[in-house]
Structure formats: structure tokens, C-alpha cells
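# Breakdown of the fold
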Protein chains: 2
Amino acid sequence: MEITRSNLTEKLEEIAEAIDQATFLAVDGEFTGLDKPDCSHSAPFDTAKERYFKLKEGSLEFLMIQFGVCAFKFKEDTQSYEARPFNFYVFPRPYTRQAPDKRFLCQSSSIDFLVQQGFDFNKLFREGIPFLMPTEEDVMRESLAGKHQAFSKFSSPAFVSPDGADMGPGKGPVQIPDEQKDFIAGVCNKISSFIETSESEVLQLAPCNGFQRKLIYQTIRTKFSAVHLETKTGEKKDRFIVVTKVASEDDLKKKEKDKQNAEIMELEEAVGFSKVMKLISKSGKLVIGHNMILDVMHMLNDFLCPLPADLEEFKSMVKCCLPRLIDTKFMASTHPLRDVIPNTALGNLQETLEKGPFTPAKVELMEGFSDYQNATDKYHEAGYDAYVTGCMFATMTNYIGNYKKPDPKPAVAPTEAVLKPFMNKLFLMRIADIPYLNLGGPDLEPNRDHVFHLSFPREWKSADINNLFAPYGSIHISWLNDSSAFVSLFKKDNAAVVLKTLAMTQSQYQLVPYNVYKSKAGVASSL
Amino acid sequence: MEITRSNLTEKLEEIAEAIDQATFLAVDGEFTGLDKPDCSHSAPFDTAKERYFKLKEGSLEFLMIQFGVCAFKFKEDTQSYEARPFNFYVFPRPYTRQAPDKRFLCQSSSIDFLVQQGFDFNKLFREGIPFLMPTEEDVMRESLAGKHQAFSKFSSPAFVSPDGADMGPGKGPVQIPDEQKDFIAGVCNKISSFIETSESEVLQLAPCNGFQRKLIYQTIRTKFSAVHLETKTGEKKDRFIVVTKVASEDDLKKKEKDKQNAEIMELEEAVGFSKVMKLISKSGKLVIGHNMILDVMHMLNDFLCPLPADLEEFKSMVKCCLPRLIDTKFMASTHPLRDVIPNTALGNLQETLEKGPFTPAKVELMEGFSDYQNATDKYHEAGYDAYVTGCMFATMTNYIGNYKKPDPKPAVAPTEAVLKPFMNKLFLMRIADIPYLNLGGPDLEPNRDHVFHLSFPREWKSADINNLFAPYGSIHISWLNDSSAFVSLFKKDNAAVVLKTLAMTQSQYQLVPYNVYKSKAGVASSL
Ligand SMILES: Nc1nc2c(ncn2[C@@H]2O[C@H](COP(=O)(O)OP(=O)(O)O)[C@@H](O)[C@H]2O)c(=O)[nH]1
Ligand SMILES: Nc1nc2c(ncn2[C@@H]2O[C@H](COP(=O)(O)OP(=O)(O)O)[C@@H](O)[C@H]2O)c(=O)[nH]1
């Protein structure tokens, strides 16, 4: 089901119900980009801490522009699932004058990729759902409440500026400066002849500046009781006051109440997609994703709370906001599934899971959610990817629950017991020897005695490095920049002899064991 | 005329001709955003230097996504212009594997604005013309030339890696490490049975890593002379070698030559829009824009050369790349036009220039360029805005050329003499007292003795500041942050008395003359 700003309010209850009834939720996000160059080059010998830092620095200025969540409900009687996939377009259009005007990064290759997949950017920018961070929402709610309260306190909008900002508690009216006196007198004349002679109910004053508007508000409210004032914004962002005739004090209050309600509604719409994320977070449900670390980081950072610099703090924050996570890419690349799954990319994995030894889990799209029934062309639409991820998760859960059991069951519910080995472990890409980020405890710190840091002249190519190491068998080079790289030995046993023969100070190159290099770098960066 | 990546190559000559024949060019750009928050808040008491720095820091990470250039040719016989407007969609899709994958900023409100105007982002991302900075182009040309030269030198691609990067001059082949021997032997067997028994002309090897590809290249070229090798990229970005049978050494050379030509064509396409900008720059023609400082900065920075930090260097650079510029917004807000033009915004200005005392210049759209004939709905399409800007320029030039002349001519050609007062002066927005950036000499340094820097408690509102200054007449407040602002007096003569009564060290606020504040800030920032 597609959700845009046109139908979010209407569908919010249905979304809440789907989340509430779910056995688990599968999610997926699409982004305007993945990584900034330089600062954040992921390397195969990053530590977990380093990788978190690189992702945080390099990925969060991009925007999540589509979010898919698919609610799966396990039905004991039929041993099958009911699925409700939602596909959200998300875009931070500055919804109200007070809403922040966000700046965000895009990456050409990511935009190109999405366009190739048929992503509709015009729909995104026109129909995307806005959102506010809770802190932004709080500021706006407070400011609105303050403004509304000030009104009820003075029981007259006389001292309330249009955006509620200028009025401190207990402050009185401003003195009218000499140069403004003519202007204000002109406005008063205009309004009094409007009240007395005009047949129209509404008078639009000419645009003027904020200070002049303030003066008009305070003067008019003391001079005339039969009018209501409101500031509006014109096409060219000019601000002007609209004067409306009122029959009585009650009529005035009602008009003011209506205006306040409209402002509250507008704020609710501006909070927008953050409401969905809060529903997911508050549900505490098991959340599934495929290669989901970036999704999780954006879900938290963009809609709930800016990410902390420290990895351990991040883990506490995830525990609090999304307490149970399973990454299907980690699941698929771990025993026992690893042995029967050659390639864990989403498309490949889906193919693998359709054949033996797997039995595809039974999943039924609920009424009103049938867009994805036989959709093979919807890949990389977030809602579809979330749906597929959930299906794969169900199938893999069945396999694991039945693994080496004498009498396999048609379906296995995703219980804590079955899923324990995979719980809260997020797949880490392109790290040679740390397969996952462990949200539930300390991260792995593998032995890297067979890894060396090598510095060399800029003219060197991989051939030179390969030649240098030729006597010690195959190597893997991971470039850091054009004059240094990490080199790891396939034959780990050769580490000692490499160290002995190559790790002396040389004029041409310099070789340092990984651990020595890291402890030096640590010292250097803490200076 | 709309130009996208589908028709640029075909239309380039027509564009060059239009530029070459032009009396002047009018330009306009559309951007993904205008300013970053914080660092670049334009203030009414910026100096020219400060404003340049703020624009450079705050605006250049956004992208110019549409560029309009309209070539106007003055015809003596009919005393009218022929116009040829071009509207370019520009987007840095990474065209080749070597082309940079650009990251750029977007601003929500700007995107929203463009969408409201009907801008088609899907077309932009799909059909936008790519571009390379000259330095990027040079690197790619050199690398390609090196690769092609290496081939002709060795007269065999044996020692040339697929991306031409691994081969230094005079370097020999790499030794095959033990673990790779089986793999290479397997490939050799496959190829020899392909040559001997297969009916197909082409064999696709399995994807493998760069080092393995290098080994395959060098081994195969020494073992087999009847095949040609080429590296291709698969759908999933995997790289594999394609083996093709060749009849003779000549056939091999021809295949290689065809491949080289295709690579050169691909590079030309990647240079893309930068070619258009180079044509404009090399033409040395008079270039017109409306409020054009950001357009000029992007034209240079994105396609010709990164902007320098120093304003004087920037002026030299503009002189070199775009030697004659006229800003119609500056023209319209300067004597004698200022007296007859109430509002210089593009749309308002166009309306004003259609009535007396103005006589609209005669402009005819040339054949094939009639999209804008009666288009009033094309505002904010760059090509249309460029066309309108050029028309307004012609009309204003007529007015100025005839100003206070006894017998006005029907049209006045845009000559140096007539335009001298406006040449190379770019309009500066929202600076109280410096109307333009003077590209042709030093900038104005107006007296600011009536301006004060005020620090105050965070709780203060404009009302408090207005109250403080009430005895000295109207003021203008320009906020710096929530505890400081510049305050300027309408009654400049009051500066001395304000200084005497308010500028003493106070517990609540602190008032410092503008000049004192600036010299202190200068010292602070140079520490
Ligand atoms: N001196 C030298 N530097 C290289 C070579 N190949 C790659 N590099 C450097 O290593 C960086 C990363 O390269 P690599 O990991 O191959 O590419 P990436 O993962 O696609 O960015 C490059 O930006 C270069 O600075 C080479 O052959 N010689
Ligand atoms: N203390 C205080 N700060 C203000 C007030 N109005 C504006 N500011 C500060 O000045 C900055 C710029 O405000 P302004 O020039 O009005 O808005 P802008 O030009 O739309 O960014 C704001 O971000 C605030 O930090 C006010 O009434 N009181």
C-alpha cells in the first residue's frame, strides 16, 4: 500500500493496527546516497568501532527517501503468515513557516541507480511525507502552546505577534516610533472606514514588515473590538494582515479557537512520518532487515534521535528504540544456512530460497495489499524489498527450526529460542574477519597478526606489492591511499618470516605489523 | 530548444554557431539549493569580501541542474534582435567507470520551489547532460592516452591491464603466485579448447578479481595469438574478460583500434556540458544575467575551475573566463532606470518594461526556437528566464541609449559606450549600502558610523531592542544570533548621542560601534 502525504492521516490507524498485530516487522529504506568520499572509506581491516564511526560520518547526511515496512502475522491454524506491506515516500518539505528547511546530500550513482529502477522523484518531491525530529517537534509545540496560552491569558490577541515569538511574559506594548506614526494612523483610518462603510467581511492590508505588523496588532486591538486580525503569507513570501469583522467577543474567541486548531493540525501534519517510526519503536516488535545497518542508523538518526559518536552509546540507544533486530544477510551467511546459500544478495537469496532444501514459507497478502502479488519488477521499491525480506526470513526460520529434526514441521514460528544465534547482530560489509556488529555485547576482536601496513612510493602499483610479497604466497591488498595499504597474507603462517625479512626500515617502503600501526595511529589521533 | 544528453552531440555545432554569431548572450541557472545554514548567513552589513566568502562557502556544494543560454543577434537593417534560447538539463551521472561519483547538497525549500514550478526531476536524472571539470577531463584523457600508447608500444595488449593503471614504463610481467597457478592453467585450457573446437566467436570467462585478470592478460597474450581480450562489467558491477577469436594480427589491431575509438567517444560524452561552458567562455561575448552572482560563481566553479578563497583572485578569474558581464538587476536599480522601475524582481520588471516610458525591444525567436513564443507559464525554466532577461536587457539598453536624447532611435545597439556604467558590476542582495560587487576594480567601503553591534541576554526580543533605541528614532535590527545583532539608525545624525548614552559597559547589554567591532573581530579571527 502506497503512503504519501495525501493519505497518511487517513491511513495512520490502519498502519498502527498492522504493527500492533504483527508477529514481526520487515523493513527496508532507499537513500539519496551511501557514502561520502575520503573521510569514510570502509576498509577490510576496520574495527567495529571504526566502521561505526565511518558510517556515521559518511552516510547520515544523505536522506532516507522511501521506507518500506511489512507487518507479518503468524497464524497458528493455517501455519502461514498474513502480510501487510506499506511503502512510504518521505521528503522533508518545509511544511510550515516554522519547520526547518533541511539540507541533505545526494550521490550521483545512487540517484542514477534509483532512476534506473523506476523510482519516481517527481512523486517523492511532490507527495513525500514530511517529518520532524522529536526535538524539533517539541520546540514547535512549545512555541505554539506559548502563543495560544498568551492569547487566553490576555484574553485578547493584542499582545501576541503572529508567530508568537516576540512576547515575553509580562511585557507590555512597544512605543510607536515617530516615523511609524503616519503609517499606523493610515491603517487605523482604513480599518475604521472598513468597519463603518464596507459591505465585505474581510479586508486585506498591504504587506509590511514584522515590526509594523506588531504595531498594527497592538494598536488595532486597543482601538477596535469588532475585528479579528490574522497574518497570512502571499505567493512571493510577503506577509500581510487580514482583517475580519466579528459580531461579538464570543465570535472573536471562536475565530481564534478555529485558527488555533488549524495550527495544531498543521503541526501534526509536519510531524508526519516520524509518527510511523515512533509506532514501530514503541511496539517493541522484532524488526527484520536485509543488510540493515544503514537502515537502522537512518531510522534512529533521522526520525528519533541523532546518533551518538560512541559505539557503546549507539548500542544502548538501539536497545531502547529497536530492542529486537535480525539481519537476514547475517542469518544467510551463518551456519547452518551458509552451507546451502551460495550468494546472499537479496535477489540471489530469494532465488535460492525457492528451491530445495528450502520450502518457501506460506505468506498471504492481505486484502488491499495485493500490489506485490506477482510483482517481480518491484525490486528496490522499499515496500517490496521489505515484503521479500520478511518472506525470506520466514523461510529461513522454517529451515533452522527444522534443522536436523527427525520430523520437520510445515512451519516454525519465529521464537526467541530458534532465533537466538542471530538476535541483534547486524551484518558488516567488506570486513575480512568481523562478520557482524554485536548490538547485544562486545564486538569480536580477531587476530590480525598476518596483516601488515605498508608505505611505499606513489609510483608503486599492485604489481610492485605483489612482487615484494611473491616469496610468501598470495596476498590481499587493501589500498588506504596512493602510498599506503594494508597487506594480508593468505598463508598466515608466513607472518613471522615476512616480519623478519621485510619489516626493516627501508628507503623505498616501510612495513609495520597491523597491531603496531594501529597503536601508533591511536596515539597520533589522541594527541 | 531543449538540450539533454540524447541530443547534445547532435546539437553542439548549432549551439557553437549561435554563440559565435551572437551580439550578446543571456544566461540563467537553476540550483538544488542556495545556502547552507549557519556558516553563511548573509547579513546587511557584510563587506564585499565577506559576502563573497559566505557565498563561496555556503552555496557551491549545491548543483546547477538547469542552465539557460539565449544567443541574441542584433540586426542593423531591421533594428531588431534574433534570439536562440537553449535550455540544458545538467546532471553528473557517473558516465564511465572512471568518471567521478559526485556528492552534492540539496535544500528542501529549493527542491519544493522547483517542483511547484513544474520542474521535471525524473527527466533531469535520466536525461541530464554529464560534465567533467577540466582537471578531471585531463586526468582521464592522460590515463586513456597512456593506455592506448602502451598498447602501440608493445604492439600487443599483453602487458596492458584493462584500466591501463598497473603498467609503469619498462615494467615486466608479474610472477604467477603458486595459489594462482591452477586457476590460470584452467583458463588456458578453456581458451585452447574454445579456439580448437568451439563454433562460437566469443567466450565469456567467469568474473574474477583484478589481479587474476592481470595474470590472464599477460599469460594469454604470450600463449595464444588468435584471440583478443577485453574486460567488461556485468550487471552487478562484476568484471569479467571476454575472449574473441581473431583472424590475423591486422584483425587484432583493428579490433583494438575500434575499442580505443569507442573509449574516446565515451570520454567526449562524459565531458558533456563543460564543452558548452567552454564555448561561452572562449567566445568572450557580453554575458547578461538577472541577479547573476550565483550563476557566475557556479558557471566557473562547476565547469571551469574551482573558485579561489580570495575575492581579488576571483575577480581575475572572472576577467579571464567571462570578461564582460552585465547584471540586469543592477542595471534596473541604478540611475536613470531606478527612477522609473519600482520593483526589480524578474516578473515585475518584465511587466514594467512592457509599458511606457519603455518601448519593448523587437526580438524574434529564430526558426526551431519557438517554444517560448507566447509562453507565460515557463517562468523559472532556465532557458525561458535567460530569454526574458535578454529581452529586458535590450529594452533597457534602448531606454538608456535614448535617455534625454532629442530624437530617440527605434533601437540602440549594446555598445561599450552605452553600457559602461553597468559593465562588470554584479548586484548584491540584502546589503544595505553596497549595491554591487565591482569585478573591474576595488569595492565600495561605505561609511557605517551609524551602525552598532549589540550583545544582549538571550531572552531579549526585538521589542526590547526597539525600546532601548526608542529615544533615537527608528532602527533596523539585523540579527546575528539569539544574543547579538547589528542595529542601524535611520537618523544617522543620532550616532554620536547613541554612542555617548548607550555605549558604556553594562551588565545587561553591550553596544560597540560597527568599526570597532569589525576590527576586534578581525584580530580575533586572525589569531
Ligand atoms: N600508487 C597506487 N595507488 C593505488 C593503486 N590502486 C589504487 N590506489 C589508491 O588506493 C585508493 C583506493 O583504491 P581501490 O580500493 O582500488 O579503489 P576503490 O575501493 O574503488 O576506491 C585509490 O584512490 C588510490 O589512491 C595503484 O595501482 N597504485
Ligand atoms: N533573542 C532573540 N533572537 C532572535 C529573535 N529573532 C531572531 N533571532 C535570532 O536571529 C537569527 C536570525 O533571525 P532573522 O534574521 O529574523 O531570521 P532569518 O533571516 O529568516 O534567518 C535567528 O536564528 C535567531 O537566533 C528574537 O526575537 N530574540
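On a predicted model such as this, the values are computed, not experimentally measured, just so you know.

Each partner contributes to the interface: chain A provides 50 residues, whereas chain B provides 50 residues. Taking both sides of the interface into account, the surface hidden between chain A and chain B amounts to around 4,000 Å²; carbon and sulfur atoms contribute 50%. The largest share of the area that chain A buries against chain B comes from Arg103, Ser108 and Phe125 of chain A, three residues that together contribute 16% of it. Summed over the shared surface of chain A and chain B, the number is 4 salt bridges.

Now for the relation of the copies chain A and chain B. Taken as rigid bodies, chain A and chain B are interconverted by a rotation of 180° and an axial shift of 0.1 Å, the fit giving an RMSD of 0.1 Å. In short, the pair behaves as if placed about a two-fold rotation axis. Among all residues of chain A, the one whose C-alpha sits closest to the rotation axis is Leu105 of chain A, at a distance of 2.2 Å. Most of the interface of chain A is mirrored in chain B: 100% of its interface residues are interface residues there too.

Residue and element names in this part refer to chain B. In the structure shown here, the tally under the stated rule is 56 salt bridges over all chains. Between Lys254 and Asp258 there is a salt bridge, and its shortest N-O distance comes to 2.8 Å. Of this pair, Lys254 and Asp258 both sit in helix 8 (residues 249-271), 4 residues apart, roughly one helical turn. Assessed through its relative accessible area of 39%, Asp258 is described here as partly exposed. Its salt-bridge partner being Arg448, residue Asp433 comes within 2.6 Å of it at the nearest N-O pair. Note that Asp433 is positioned in the loop between strand 12 (425-427) and strand 13 (436-438) and Arg448 in the loop between strand 13 and strand 14 (451-455), a separation of 15 residues in sequence. Overall, the relative accessible area of 22% leaves Asp433 in the partly exposed class. Overall, Arg448 belongs to the buried group, its relative accessible area being 3%.

Attention shifts here to the sheet that holds strand 14 (residues 451-455) of chain A. All names here are of chain A. A sheet is described by the order of its strands in space; here 4 strands give the open sequence 15-16-14-17, paired in antiparallel fashion. Bordering the open sheet on either side are strand 15 (475-481) and strand 17 (510-513), each of which pairs with just one other strand. Averaged over all adjacent pairs, the angle separating strand axes in this sheet is 25°, with direction ignored. Looking at chain direction, strand 15 and strand 16 (residues 484-489) are connected through 6 bridges and run antiparallel. Its bridge partner lying in strand 16, Ile475 is registered against Leu489.

Here we come to the environment of His148 of chain A. Residue and element names in this part refer to chain A. Structurally, His148 is set in helix 5 (residues 134-154). Here His148 falls in the buried class, since its relative accessible area comes to 12%. In the structure, His148 is positioned 112 residues away from Gln260 in sequence and 7.0 Å away in space, judged by C-alpha atoms. If we skip the residues at most four places from it in the chain, His148 touches Gln260, Glu263 and Ile264.

Now for the confidence of the model for chain A. Looking at chain A, the pLDDT average stands at 88 and 93% of residues meet or exceed 70. Confidence drops under a pLDDT of 50 for residues 154-170 of chain A, and excluding neighbours within four residues, the segment shows 34 contacts in the predicted structure.

Residue and element names in this part refer to chain A. Burial of strand 9 (residues 286-289) is two-sided: the residues Leu286 and Ile288 facing one way and the residues Val287 and Gly289 facing the other way are all buried. Pairing of strand 2 (residues 24-31) with strand 9, which is carried by 3 bridges, proceeds in the parallel orientation. Each bridged residue has a counterpart across the sheet, and for Phe24 the counterpart in strand 9 is Leu286. Sheet topology note: the strand 9/strand 10 (residues 324-327) ladder contains 4 bridges and is parallel. Across the sheet, Leu286 pairs through a bridge with Arg324, a residue of strand 10.

Our next topic: the domain arrangement of chain A. Residues and elements named next belong to chain A. In terms of domain boundaries, chain A breaks down into domain 1 (2-131 + 273-308 + 361-416), domain 2 (136-252) and domain 3 (451-526). Computed from C-alpha atoms alone, the centre-to-centre distance between domain 1 and domain 3 is 41 Å. In this complex, domain 1 contributes 5 residues to the contact, which on the side of domain 3 involves 7 residues. On the domain 1 side of the contact with domain 3, Pro44, Phe45 and Glu50 bury the most area, a combined 78% of that side's loss. For the pair domain 1 and domain 3, the interface holds 1 salt bridge. Between Glu50 and Lys518 there is a salt bridge, with the nearest N and O atoms lying 2.3 Å from each other. Between domain 1 and domain 3 we count 2 residue pairs in polar contact (both at pLDDT 80 or more) in total. Here the side of domain 1 that touches domain 3 is composed, by residue class, of 2 nonpolar, 2 polar and 1 charged.

On to the site of ligand 1, then. All names here are of chain A. Around ligand 1, the surrounding shell consists of His41, Arg458, Trp460, Lys461, Ser462, Trp479, Asn481 and Asp482. Between ligand 1 and the protein, one listed contact pairs a nitrogen atom with a backbone N or O atom of Arg458 at 3.1 Å. Between ligand 1 and the protein, one listed contact pairs a nitrogen atom with a backbone N or O atom of Trp460 at 2.7 Å. In isolation ligand 1 offers 570 Å² of accessible surface; the protein chains occlude 51% of this area. Its residues assigned to classes, the shell around ligand 1 comprises 2 nonpolar, 3 polar and 3 charged.

Each value, and the rule that gives it
Residues numbered from 1 in each chain as written. Chains lettered and ligands numbered in written order. Predicted model: local features only at pLDDT ≥ 70, side-chain atom pairs only at ≥ 80, totals over all residues. Heavy atoms only, no water. Contact = heavy atoms within 4.5 Å. Buried area = accessible area lost by both parts, 1.4 Å probe. Salt bridge = Lys/Arg side-chain N within 4 Å of Asp/Glu carboxyl O. Least-squares fit on C-alpha atoms with pLDDT ≥ 70 in both. Helix = DSSP H or I, 4+ residues; strand = E, 2+ residues; numbered from the N terminus. Buried < 20%, exposed > 50% of the residue type's maximum accessible area, 1.4 Å probe, protein only. Pairing = 2+ DSSP bridges. Axes fitted to C-alpha atoms, helices over the stretch in contact; angles between N-to-C directions. pLDDT = per-residue confidence, 0-100. Domains from an automatic or database assignment. Polar contact = N/O pair within 3.5 Å; in protein donor to acceptor, adjacent residues only side chain to side chain. Nonpolar A, V, L, I, M, F, W, Y, C, P; charged D, E, K, R; others polar. Near = heavy atom within 4 Å. Areas by Shrake-Rupley, 256 points an atom, 1.4 Å probe, with all protein chains shown as cover.

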